[in-house]
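# Chains, contacts and geometry: an overview
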Amino acid sequence: MAGISQLSSKFLSVADELQQGDSFASQAITKSDTHNIPDAKGVSISSLAVSWAKKYYSTVAARENQTHQQISESRDFSNFDGNRAKIVDKLTDTLKVASQIAWNKVEALLGEQIERHAIDPSLIDREEIAADTRSLYRKAIDAYGDREPVFRLSVLVGKDIVQVRRKYSDTDPLVLGFVTLEFQYTSKILLGCLSESERSEFAPYLKVVDDYLHIPHGEINEAAADHAPNSKALLAVQHLLQQTTQIASAVYDRASSQHQGYRSSSGYLTDPQVKISGIRDVEIFQSYLCWCVLEESIRPVQQELFPICVMLYPRLHVSWELVQDMLLILFWEISDRLPAADVMVFLPYLRTVTDMFSSDVFDN
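Just so it is clear, the model here is predicted, and its values are computed rather than measured.

Ranked by size, the top nonpolar core spans 106 residues in total, and within it F202, F285, V301, V323, L330, F346 and F357 carry the most contacts. Per-element tally for this core: the top contributor is helix α12 (residues 272-295), with 12 residues. Apart from residues no more than four positions distant in its own chain, V323 is found in contact with F285, Y313, V318 and F357.

Turning next to the environment of L194. Considering the arrangement of structural elements, one finds L194 in the loop between α7 (173-192) and α8 (196-214). Considered as a pair, L194 and L91 are 103 residues apart in the sequence and their alpha carbons are 8.1 Å apart.

The next point concerns the packing of helix α14 (residues 320-337) against helix α15 (residues 340-356). When two helices pack together, their arrangement is given by the angle between their axes and by how far apart the axes lie. Between α14 and α15, the shortest axis-to-axis distance is 11 Å and the interhelical angle comes to 175°. With respect to their mutual orientation, α14 and α15 come out roughly antiparallel. Counting all contacts with α14, which are made through L327, L328, L330, F331, I334 and S335, the residues of α15 involved are V343, L347, L350, V353 and T354. Of the residues assigned to the contact of α14 with α15, the class counts are nine nonpolar, two polar and no charged.

Where helix α11 (residues 244-258) meets α14, the closest approach of the two axes is 9 Å, and the angle between their N-to-C directions is 135°. Of the possible angle classes, the one that applies to α11 and α14 is oblique. You can see that α11 and α14 cross each other, and the crossing is right-handed. Here α11 contributes Q246, I247, A250, V251, R254, A255 and Q258 to the contact with α14, which in turn contributes L322, D325, M326, I329, L330, E333, I334 and R337. Residues that form the contact of α11 with α14 fall into these classes: nine nonpolar, two polar and four charged.

Unlike most non-glycine residues, R147 shows phi in positive territory, near 60°. Mapped onto the elements, R147 comes out in the loop between α5 (126-145) and α6 (150-171). The class for R147 is exposed, based on a relative accessible area of 58%. Of note, the phi angle at H317 is positive, near 60°, even though the residue is not glycine. In this fold, H317 is placed in the loop between α13 (299-312) and α14.

A few words on helix α9 (residues 217-224). Buried within α9 we find G218, E219, I220, A223 and A224. At its buried positions, α9 is contacted by α6, α10 (232-241) and α12.

On to α13. An α-helical turn contains 3.6 residues, so a residue and the one three or four places further along point in the same direction. Here α13 spans 19 Å end to end across 14 residues, near enough to the 20 Å set by a 1.5 Å rise per residue. Maximum bend of α13: about 35°, positioned at L305, with proline P307 one to four residues after it. With respect to burial, α13 is a largely interior element, 12 of its 14 residues being buried. Turning to α13, its buried residues number three or more, namely P300, V301, Q302, E304, L305, F306, P307, I308, C309, V310, M311 and L312.

So, on to the pattern of salt bridges. A complete count under the given rule lists 20 salt bridges for this structure. Between R315 and E112 there is a salt bridge, and its shortest N-O distance comes to 3.5 Å. Here R315 is found in the loop between α13 and α14, whereas its partner E112 is found in the loop between α3 (84-110) and α4 (113-116), with 203 residues between them in sequence. Measuring nitrogen to oxygen at the nearest pair gives 2.6 Å for the salt bridge that ties K167 to D132. Of this pair, K167 sits in helix α6 while D132 is found in helix α5, placing the two residues 35 residues apart along the sequence. Overall, the relative accessible area of 14% leaves D132 in the buried class. If you follow the salt bridges from partner to partner, you end up with R165, R166, E219, E222 and E304 in one network.

About the thresholds
Residues numbered from 1 in each chain as written. Predicted model: local features only at pLDDT ≥ 70, side-chain atom pairs only at ≥ 80, totals over all residues. Heavy atoms only, no water. Core = buried A, V, L, I, M, F, W, Y, C linked by side-chain atoms within 4.5 Å. Buried < 20%, exposed > 50% of the residue type's maximum accessible area, 1.4 Å probe, protein only. Helix = DSSP H or I, 4+ residues; strand = E, 2+ residues; numbered from the N terminus. Contact = heavy atoms within 4.5 Å. Axes fitted to C-alpha atoms, helices over the stretch in contact; angles between N-to-C directions. Parallel < 35°, antiparallel > 145°, perpendicular 65-115°, else oblique. Nonpolar A, V, L, I, M, F, W, Y, C, P; charged D, E, K, R; others polar. Left-handed = near helix turned anticlockwise from the far one by under 90°. Expected span 1.5 Å × (residues − 1). Bend = angle between axes of the 7 residues up to and from the residue. Salt bridge = Lys/Arg side-chain N within 4 Å of Asp/Glu carboxyl O.

See below:
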């Protein structure tokens, strides 16, 4: 995709259309007719953020070790049917070894990234990360065994997940990348030991844990507490958070149609599990936009989201072109679904994030 250029001269006309409530998402988005996100009048954060992104990416790329390591396959566990108690026993037994198998995969994939991204090796404690993974997933298994509704899981373990997430993100956000990947691989192994019908029952419980781990719920709530109830930023964030999943699903479907046949290391975009992860990624980007709006700073993206993406996406064979298209489609979806006043709140940060992930940064 061509580099994402600034469109300052078009901003006023686009802003007028926003105020009139015109629908942008209904416009076709193709490779030859992709609209760039308009610039925000008077916004200076974009050029600074892009310069920072270029410097960060160049520094990381300079450290890259060219040796590529193969990702080991998940252990093949046999499936068998059973009642809920038997399913719990099966998951409990599998969990004992799943976290260690998962960590071997994490090390194979990201081991060389410790030096490349200048991460302090002492911050990556294999046993501690594996123990936290087992602890949180065990709570999800127990909730399933106790027949707790899925929606109750966020109440039962939400605070614990937020604490685990913050423990790692506070030391070095890149360590959080190792942790989320550990959970992802462990989750895959747990689901792999179940039959299809059992998997459909238990998968929603794992998804709650994974979503809370990936999305900065605690940080968003804390930032929101600093705003008055009628704050424009708070109202815009509330409106977006009500629709993040629907927006993410629409963005993923449209991006998939533009990248038919595309395959990451996890599979094709049409694969069910890849789609679940992809939709969550779009939700993650929206959550960081909310955090930025509430904090009135691009810092959350600079310190967490961008570095983690730079570390993980190339290793998972997720192309920057796909990410760029996703962000452009995300803009049109947000523009179409939110009131014009809300769109204007998100516009400076959405455009800045789009510029940070543009080909202008990654084609150096």
